[in-house]
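Remarks on the overall topology
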Amino acid sequence: MSIALIIPDRKLDDLQYRLQQALPQTRIEIWPELYDPAEVEFAVVWRQPHGCLNGLVNLKAIQCFGAGVDSILSDPTLPDLPISRIVDPALTAAMIGYLDGVMSYYRLQLDMFSRQQQQSLWRPKSPRKLSRITILGLGELGSAVASHFCQQGYQLAGWARSGKSLQDIQCFAGDEQLHHAVAAADVIICLLPLTPSTENLLGRDFFQALKPGAIFINVARGAIVDDTALLAALDHGPLGAACLDVFRQEPLPPASPLWQHPAVLITPHVSAVTNVATVVSQIAENYRRAQQGTGLLNPVDLVRGY
Ligand code: NAP
Ligand code: GLV
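Residues numbered from 1 in each chain as written. Chains lettered and ligands numbered in written order. Predicted model: local features only at pLDDT ≥ 70, side-chain atom pairs only at ≥ 80, totals over all residues. Heavy atoms only, no water.

1. Thoughts on the pairing of strand S3 (residues 40-45)
What counts, and what does not: When accessible area is computed with a 1.4 Å probe and restricted to protein chains, residues below 20% of their type maximum are described as buried, those above 50% as exposed, and intermediate ones as partly exposed. Numbering of helices and strands starts at the N terminus; helices are DSSP runs of H or I of at least 4 residues and strands are runs of E of at least 2. Strand pairing follows a simple DSSP-based rule, namely that at least 2 bridges must link the two strands.
By the criterion of burial, S3 is predominantly enclosed, with six of the six residues buried. In this structure, strand S1 (residues 2-6) lies alongside S3, joined through five bridges in parallel fashion. The residue bridging Ala 4 from the neighbouring strand is Ala 43, located in S3. When S3 meets strand S4 (residues 61-64), the two strands line up parallel, connected through four bridges. The residue bridging Val 45 from the neighbouring strand is Cys 64, located in S4.

Now the structure itself:
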């Protein structure tokens, strides 16, 4: 019996080696070089070519190699099987580290100093006052990010699908409360999953509900945001700046106006990359559970889509 690693465009030697150490009796194979597709019982998947899981007739479960499962669920031929995703303290720590850096960048006005450097301008300024942060999505990542910034002394609000009670965080829920959740925020951080309910959710009305000069950070998925509305809000207000780690199309096409926009900071989907060393044990455990037919760790709710 075997595990197939279906993760195109990524070097998989380390994952293969570590999984093999954890499961010495199991063949760990890198798709599409499979010894016998009928022997594959478990697939570790990230942005799989649509249809590639169909030939695996004895597949029992699918392990997403990241936190977000949107690319797996977008396959119209996806077999009806349990799916699990990565939940990992190291992934959460990476996301917090990235957001700490971005917050410092804006607070210290490094965006402005970088533009001034290009004109040899020497104009000292004090740090920006950023006190209120709203987090969209209060799941594994959003709730940890919210409590981290709360401990740093920021005033936190959060928005989710269901109502929550989190210490020192003003919680909002449901579509009707989205604009209230962001109206007073200096910084908005998007940590929502991409689902049919969140696709294009952040459009013109959303950006118009923001406070003048607000900073928008998207570390979730690009298709949650209407880029035309984002650019209009940067050019004509109220948005002051945007930091984008994720895009509707990745890599971001060279012709995208986002690349050249002076108020946009772009990173190439690096805010929290799955750490092979720390996730191998949960993948191995899910393989054992799939074989035994017991519930997976970190299961995805296929009805909600996250
Ligand atoms: P999660 O635990 O599933 O949390 C999702 C949160 O979003 C939950 O609080 C959920 O509300 C809320 N939500 C879902 N649909 C909603 C809707 N229609 N309206 C309002 N709130 C909604 O997810 P996570 O582990 O925190 O990860 C979030 C996303 O981050 C992932 O899906 C992935 O796309 C992205 N991500 C990006 C990177 C990167 O490197 N850029 C790395 C990791 C993850 P409830 O609590 O009410 O269910
Ligand atoms: C990365 O984008 C993830 O979803 O883990």
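From this point, things continue past the structure.
2. Digging into the site of ligand 2
Here is the rule: One heavy atom within 4 Å of a molecule or strand makes the whole residue count as near it. As used in this structure description, the phrase polar contact means that two N or O atoms lie within 3.5 Å; if the pair is within protein, one of them must be able to donate a hydrogen and the other to accept it, and residues adjacent in sequence are counted only when both atoms belong to side chains. Where accessible areas are quoted, they stem from the Shrake-Rupley method and a 1.4 Å probe; at the residue level, only the protein chains shown are allowed to cover.
Around ligand 2, the neighbouring residues are Trp 46, Gly 66, Ala 67, Gly 68, Arg 221 and His 269. The separation between an oxygen atom of ligand 2 and a polar main-chain atom of Gly 68 is 2.8 Å. His 269 places a side-chain nitrogen or oxygen 2.6 Å from an oxygen atom of ligand 2. Out of a free accessible area of 190 Å², ligand 2 has 87% covered by protein chains.

3. Remarks on the sheet that holds strand S11 (residues 239-244)
We apply this condition: To obtain an axis, a line is fitted to C-alpha atoms, over the contacting stretch when the element is a helix, and the angle between two such axes runs from 0 to 180 degrees between their N-to-C directions. Contacts were defined at the residue level, with two residues in contact if any of their heavy atoms lie within 4.5 Å.
The strand order across the open sheet built from seven strands is S8-S7-S6-S9-S10-S11-S12, with neighbouring strands paired in parallel fashion. Of all the strands in the sheet, the pair left with one neighbour each is strand S8 (169-173) and strand S12 (264-266). This sheet shows a mean twist of 15° between the axes of neighbouring strands, independent of strand direction. As paired elements, strand S6 (residues 132-136) and strand S9 (residues 187-190) share four bridges and run parallel to each other. The residue of S9 that forms the bridge with Thr 134 is Ile 188. The strands touched by helix H3 (residues 89-107) within the sheet are S6, S9, strand S10 (214-218), S11 and S12, with S11 carrying the most contacts at an inclination of about 150°. The strands that helix H5 (residues 140-151) touches are S6, strand S7 (155-160), S8 and S9; relative to S6, the one it contacts most, it runs at about 170°.

4. Digging into the packing of aromatic side chains
Under the convention used in this document: Classification of ring pairs rests on two measures: the distance between centres of Phe, Tyr or Trp rings, Trp counted by its six-membered ring, which must be within 6.5 Å, and the angle between planes, read as stacked under 30 degrees, edge-to-face over 60 and tilted in between. Only when the NZ of Lys or the CZ of Arg is both within 6 Å of the ring centre and within 35 degrees of the ring normal is a charge said to sit over the ring.
Summed over all chains, the structure comprises six aromatic pairs. Members of the aromatic cluster, joined through ring pairs, are Phe 206, Phe 207 and Phe 216. Across the ring face of Tyr 306, the terminal group of Arg 304 is positioned such that the distance to the ring centre comes to 4.2 Å.

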